[in-house]
Amino acid sequence: MAKTKLISPFPQQFTDRQWARYIKQGRDMIGEDSSIQFRLGDLTLKMIRPKGRGVNQGVFRVLDRFADEIGSNVNTLVKCRHVAMAWPPDKRVPGVPWTVHSALDALPDRFEIIRQPPEGKERWTEDLALSRAGRLPHRPLTKEEKLDRVRTLMRENESASKAVEEMIRRPDVAQRVMSSPSNQRILYRAHHEQRQQAAAARFAAAHEVEADDEAEVAEVRQVHRREPAVDYQRASSEVLELIGSGTAFLVDLQRMIPGLHVAEFTEREVQAVLDNHRRIRAALDWCDSALSTGDKSMDEELARILSEGDDQV
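The rules we used
Residues numbered from 1 in each chain as written. Predicted model: local features only at pLDDT ≥ 70, side-chain atom pairs only at ≥ 80, totals over all residues. Heavy atoms only, no water. Axes fitted to C-alpha atoms, helices over the stretch in contact; angles between N-to-C directions. Helix = DSSP H or I, 4+ residues; strand = E, 2+ residues; numbered from the N terminus. Parallel < 35°, antiparallel > 145°, perpendicular 65-115°, else oblique. Left-handed = near helix turned anticlockwise from the far one by under 90°. Contact = heavy atoms within 4.5 Å. Nonpolar A, V, L, I, M, F, W, Y, C, P; charged D, E, K, R; others polar. Expected span 1.5 Å × (residues − 1). Buried < 20%, exposed > 50% of the residue type's maximum accessible area, 1.4 Å probe, protein only. Phe/Tyr/Trp six-rings, centres within 6.5 Å; stacked < 30°, edge-to-face > 60°. Salt bridge = Lys/Arg side-chain N within 4 Å of Asp/Glu carboxyl O. Core = buried A, V, L, I, M, F, W, Y, C linked by side-chain atoms within 4.5 Å.

Visitor: Help me out: how do you make sense of the packing of helix α13 (residues 267–293) against helix α14 (residues 300–307) in this one?
Guide: For any two helices packed against each other, one specifies the inter-axial angle together with the distance between the axes. Where α13 meets α14, the closest approach of the two axes is 9 Å, and the angle between their N-to-C directions is 140°. As the angle between them shows, α13 and α14 are arranged oblique. α14 is crossed by α13, and the crossing has left-handed handedness. Contacts between α13 and α14 involve R278, R279, A282, A283 and W286 from the first element and L302, I305 and L306 from the second. Considered class by class, the residues forming the contact of α13 with α14 number 6 nonpolar, no polar and 2 charged.

Visitor: How should I be thinking about the environment of A67 in this particular structure?
Guide: Assignment of secondary structure puts A67 in helix α2 (residues 59–70). In this structure the C-alpha to C-alpha distance between A67 and L77, which are 10 residues apart in sequence, comes to 7.2 Å.

Visitor: Is there a simple way to explain helix α1 (residues 16–47) in this structure?
Guide: Owing to its 3.6 residues per turn, the α-helix aligns residues three or four sequence positions apart on the same side. With 32 residues, α1 ought to run about 46 Å at 1.5 Å a step, and its terminal C-alpha atoms sit 46 Å apart, in line with that. Here α1 has its buried residues at S34, Q37, F38, G41, T44 and L45. Where the residues of α1 are buried, they touch α2, α3 (74–86) and α4 (98–103).

Visitor: What should I look at first to understand the packing of aromatic side chains in this one?
Guide: Counted under the stated rule, the structure contains 4 aromatic pairs. Ring centres of F14 and W19 lie 5.7 Å apart, and the angle between their planes is 45°; this geometry places the pair in the tilted category. On the basis of relative accessibility, which here comes to 21%, the residue W19 falls in the partly exposed class. Note on W87 and F111: the rings are 5.4 Å apart at their centroids and 75° apart in plane angle, and the pair reads as edge-to-face. Of this pair, W87 sits in the loop between α3 and α4 while F111 is found in helix α5 (residues 110–113), placing the two residues 24 residues apart along the sequence. Judged by its relative accessible area of 0%, W87 is buried. Three or more aromatic residues joined by ring pairs form one cluster here, namely F10, F14, W19 and Y22.

Visitor: Can you help me understand the pattern of salt bridges in this one?
Guide: Once their charged atoms are close, side chains differing in charge can pair, the charge on each being opposite to the other. With the rule as written, the count across this model stands at 6 salt bridges. One salt bridge in this structure joins K24 and D28, with 3.0 Å as the shortest N-O distance. Of this pair, K24 and D28 both sit in helix α1, 4 residues apart, roughly one helical turn. For D252, the salt bridge goes to R255, with nearest N and O atoms at 3.8 Å. Taken as a pair, D252 and R255 lie in helix α12 (residues 237–256) at a separation of 3 residues, close to a single helical turn. The class of R255 is partly exposed, set by a relative accessible area of 37%.

Visitor: Whenever I open this one, the nonpolar core confuses me. Can you help?
Guide: Side chains that are nonpolar tend, in soluble globular proteins, to be buried together. Ranked by internal contacts, the top residues of the largest apolar core, which has 17 residues, are W87, V100, L104, I114, W124 and A129. Elements supplying a minimum of two residues to this core: α3, α4 and α6 (126–132). Setting aside anything within four residues of it in sequence, one finds I114 in contact with W87, V93, V96, V100, H101, L104 and W124. Within the second largest apolar cluster, 7 residues are counted, among which are I48, F66, A67 and V74.

Visitor: Looking at this model, I keep getting lost on the packing of α2 against α3. Mind explaining?
Guide: The N-to-C vectors of α2 and α3 enclose an angle of 120°; their axes lie 8 Å apart at closest approach. Here α2 is positioned oblique relative to α3, judged by the angle of their axes. As α2 packs across α3, the resulting crossing turns out to be right-handed. Every residue of α3 that contacts α2 at V59, F60, L63, D64, F66, A67 and I70 is listed here: V74, N75, L77, V78 and R81. In terms of residue class, the contact of α2 with α3 is made up of 9 nonpolar, 1 polar and 2 charged.

Visitor: It is not clear to me how the side chain of S102 should be interpreted in this structure. Could you clarify?
Guide: Structurally, S102 is set in helix α4. In this structure S102 comes out as buried when scored by relative accessible area, which is 7%. Ignoring any residue separated from it by four or fewer positions in sequence, one finds S102 in contact with K79, V83 and R135.

Here it is as structure tokens:
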């Protein structure tokens, strides 16, 4: 097979001859590195002969001490050993980097594949080999490879939450995500379920303390196992917000009222709470009217009631 003449992709920096010379030097160095990797692997195989499926039994302990003695890393030695075992000397392809051999080492037909670079490519690269083996390349190029990289990085909850935090700091990206109704429902549903769980826990704790027997406790818990009133998979974000805020308010009241030290309240404090509840009732009536009639307008009296503060305290 005739060699293709190397043409400099940076003619203003390198002539064709300079570029070809640097390429040759680089490939020679990669070849030397690959030779060392295989020789290390062969050395570990010579030190500890493979014994069928139990090949790794006791190997790590020896290689760990050996790595310390030669100033290497035990994981490097384990990897070199694994690749050397997968590629016997007569199956290794000169000129193909060790990293490519490593990327293809799990394929049953690797001995044939490595001799046939992907269509349109003159030689294998590590990323091409990783993609061929169905593994995540170091530099993802296609949309699916990039998404696979993101999925891999976000497998841990903590990493995923940090990634989402970074995402919402970019208004353009956050806007695209939230423009999807399905994404809106997922986020609102997660928020609603979280609030429900917290509210249910507070509700159950408050009632279990007062329960005199197991039957009463079971009855309280049974209330929280009822089927939901709406399908949270399909309900709109507005419905979820209305139900969630109302449920949280009810549960908070049921938790707080039994433990109130009413005797310690001043008259002004009692009046402030009552005035606040009056505004809440007015807001609930307004919401009920809007739900029943579709009329969301606010009259002057309602506006006045809702705007009143509790500065009497």
